[in-house]
Amino acid sequence: MSGAVVKRAYRYRFYPDQEQAVELSRTFGCVRLVYNRALEARTTAWRQEQRRVGYGDTSALLTAWKRTQDLAFLNEVSSVPLQQCLRHLQKAFTRFFDKQANHPRFKSRKKSRASAEYTRSGFRWRDGQLTLAKMDQPLAIVWSRPLPEGAEPSTVTVSRDPAGRWHVSILVETTIDHLAPTTAQIGVDAGLMSLLTLSTGEKIANPRHERRERVALARAQRNLARKAKGSNNRDKARTKVARVHARIADRRRDLLHKLTTRLVRENQTIVIEDLAVCGMVRNHSLARAISDASWSRFRSLLTYKAAWYGRTVIAVDRWYPSSKTCSRCGHLLDTLPLGVREWTCPGCGVVHDRDVNAARNILAAGRAVTACGDGVRPNRR
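These numbers were taken from a predicted model, which means no experiment stands behind them.

Some words on the overall build of the protein
Looking only at helices and strands, the protein features ten helices and 13 strands. With the C-alpha coordinates of the protein rotated into their principal frame, the extents come out at 80 × 55 × 50 Å. By sequence separation, contacts in the protein at least 24 residues apart represent 71% of the contacts at least 6 residues apart. Element-wise, carbon and sulfur atoms account for 48% of the exposed surface of the protein, whose accessible area totals about 21,800 Å².

Spelled out as structure tokens, the structure:
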């Protein structure tokens, strides 16, 4: 069975000692400072001189900064994360010039993700233990799952989330075997009443993770609002709010991983809608629920897992009227309000569940894409 050679990241919790925590916090601050200074230098050069500054120029600036009295402390941390943040800035500008992303923004001490990336020269991997540059002892990592046998880390990213949890992401190159081929195909309709509705008629309930924690989140946010700005108590209250958010995100991510893995294992072809989530969240009445459902992340997970395991994901046109088209006779309704969950086809008299009917139409549209090699356009009236 053929397989794909991929770069895969394995993420673990770890618990630094006091000395390691201080060193990493100092590194995070230096990375943020270098990134912001380099961004300012590139932005100023363009605005004042219409001159582009590249990675090589910012690397030379970093060397000059280290020789100044004010920024000499940059020599106290490993140079590898500092160089890596300049590479990340270069990539951000490349995406901006290619019109794939917005202009890079400055990193905030309180709002931006605290992280540092180490390449092979910035850490030591020996006997299953990871030791970062400028540290004497290996990290106390909780190995929740083993790394692939014989895998050698190529990049290590250390981060601290707003809830105060420390994580290390280890990037390795590994071979993932494709799953055995199957003839099963399925259409998936994403929704809010049910998180997913399958063309088989199965409905996967929407757990509404954010709604379950809404009372606890509101309580933590009220407590934060009462604290004086700049006080230690405000920092503690902010951490409590972050822990609620982290609990919500962890549950959501766990569910999506389980669902996407199941769909990929059981089906050869998975058909979904090409939803414009960015536009849908502009509806203020549904934005909170749509964000909680995390349809974009579902598609992202499904896509890369399908590529890993030799499956196919087809996205049909977002304008295809899957809900108001009869999956049996093809009759198309003029309108179908969102509140109508069941409807009877005027053409053949079949009673349809709105979501199940949509999933079946999505599957049929995906089969048409496979047969014709073209997208499905709506029948507009």
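A short note on the UniProt feature "domain: Cas12f1-like TNB" (unreviewed entry) in the protein
Feature annotation in UniProt places "domain: Cas12f1-like TNB" (unreviewed entry) on residues 295-362, given in this structure's numbering. Within the segment residues 295-362, helix and strand shares are 35% and 16% respectively, and the terminal C-alpha atoms sit 16 Å apart.

A closer look at the nonpolar core
Counting residues in hydrophobic clusters, the biggest one holds 40 residues, and the most contacted among them are Leu24, Leu130, Leu132, Val158 and Val168. Among residues more than four places away in sequence, those in contact with Leu132 are Leu24, Tyr118, Gly122, Phe123, Leu139, Val156 and Val158. Among the nonpolar cores identified, the runner-up in size contains 20 residues, and Ile186, Ile204, Phe298 and Leu302 belong to it.

Things to note about the UniProt feature "domain: Transposase putative helix-turn-helix" (unreviewed entry) in the protein
Per the UniProt record, "domain: Transposase putative helix-turn-helix" (unreviewed entry) is found at residues 6-50. A helix fraction of 71% and a strand fraction of 18% characterise residues 6-50, whose end C-alpha atoms lie 40 Å from each other.

Examining the packing of helix H1 (residues 18-49) against helix H2 (residues 55-66)
It is at 10 Å that the axes of H1 and H2 come closest, and there the two elements cross at 125°. As far as their axial angle goes, H2 and H1 are oblique. Where H1 crosses over H2, the two elements pack in a sense that is right-handed. Counted together, Val34, Arg37, Ala38, Ala41 and Arg42 of H1 and Tyr55, Thr58, Leu61, Leu62 and Trp65 of H2 form the full contact between these two elements. Among the residues making up the contact of H1 with H2, the classes are represented as seven nonpolar, one polar and two charged.

Observations regarding the sheet that holds strand S1 (residues 3-13)
What the four strands build is an open sheet, ordered S1-S6-S5-S2; its pairing is antiparallel. Of all strands in the sheet, those bounded by a partner on one side alone are S1 and strand S2 (114-119). Within the sheet, the average angular offset between the axes of one strand and its neighbour, ignoring direction, is 25°. Bridge count for strand S5 (residues 155-160) against strand S6 (residues 166-177) is six bridges, and the pairing is antiparallel. Bridging across to S6, Val156 finds its partner in Ile170.

Overview of the sheet that holds strand S10 (residues 269-273)
Ordered in space as S9-S8-S7-S10-S11, the five strands form an open sheet in which the pairing is mixed. The two strands at the open ends of the sheet, each matched to only one other strand, are strand S9 (203-205) and strand S11 (312-316). On average, each strand axis in the sheet is inclined to that of its neighbour by 25°, with strand direction left out of account. For S10 and S11, the ladder comprises five bridges, and the chain directions are parallel. Its bridge partner being in S11, Ile270 is matched across the sheet by Val313. Taken strand by strand, helix H6 (residues 232-266) contacts strand S7 (185-190), strand S8 (194-198), S9 and S10, and its axis lies near 0° from that of S8. This element, helix H10 (residues 354-372), spans S7, S8, S9, S10 and S11 of the sheet and lies at about 130° to S7.

What to know about the packing of H2 against helix H3 (residues 79-97)
Two elements in contact, H2 and H3, have axes separated by 10 Å at closest approach and are oriented at 145°. Seen from above, H2 lies across H3 with right-handed handedness. Where H2 abuts H3, its residues Tyr55, Thr58, Ser59, Leu62 and Lys66 lie against Ser79, Leu82, Gln83, Leu86, Arg87 and Gln90.

Focus: the pattern of salt bridges
In the structure shown here, the tally under the stated rule is 19 salt bridges. Lys258 is the salt-bridge partner of Asp254, the closest N and O atoms lying 3.1 Å from each other. One end of the pair is Asp254 and the other is Lys258, both in helix H6 and four residues apart, which spans about a single turn. Taking relative accessible area as the criterion, Asp254 reaches 40% and is therefore assigned partly exposed. Through salt bridges with shared partners, a single ionic network connects Asp161, Arg165, Asp250 and Arg253.

Comments concerning H1
With 32 residues, H1 extends 46 Å from end C-alpha to end C-alpha; this agrees with the ideal 46 Å at 1.5 Å per step. For H1, the side-chain oxygen to backbone nitrogen distance between the N-cap and Glu19 is 3.2 Å, and the N-cap itself is Asp17.

Concerning unusual backbone geometry
Phi angles above zero are rare outside glycine, and Gln50 is one such case at about 55°. Tracing the sequence through the fold places Gln50 in the loop between H1 and H2. In this model, Lys134 sits at a positive phi of 70°, which is unusual for a non-glycine residue. When you line up the elements, Lys134 lands in the loop between strand S4 (129-132) and S5. Looking at Lys134, the relative accessible area reads 51%, which means it is exposed.

Rules of the game
- Residues numbered from 1 in each chain as written.
- Predicted model: local features only at pLDDT ≥ 70, side-chain atom pairs only at ≥ 80, totals over all residues.
- Heavy atoms only, no water.
- Helix = DSSP H or I, 4+ residues; strand = E, 2+ residues; numbered from the N terminus.
- Contact = heavy atoms within 4.5 Å.
- Areas by Shrake-Rupley, 256 points an atom, 1.4 Å probe, with all protein chains shown as cover.
- UniProt positions renumbered as here; feature names shortened; annotations may be inferred.
- Core = buried A, V, L, I, M, F, W, Y, C linked by side-chain atoms within 4.5 Å.
- Buried < 20%, exposed > 50% of the residue type's maximum accessible area, 1.4 Å probe, protein only.
- Axes fitted to C-alpha atoms, helices over the stretch in contact; angles between N-to-C directions.
- Parallel < 35°, antiparallel > 145°, perpendicular 65-115°, else oblique.
- Left-handed = near helix turned anticlockwise from the far one by under 90°.
- Nonpolar A, V, L, I, M, F, W, Y, C, P; charged D, E, K, R; others polar.
- Pairing = 2+ DSSP bridges.
- Salt bridge = Lys/Arg side-chain N within 4 Å of Asp/Glu carboxyl O.
- Expected span 1.5 Å × (residues − 1).
- Polar contact = N/O pair within 3.5 Å; in protein donor to acceptor, adjacent residues only side chain to side chain.

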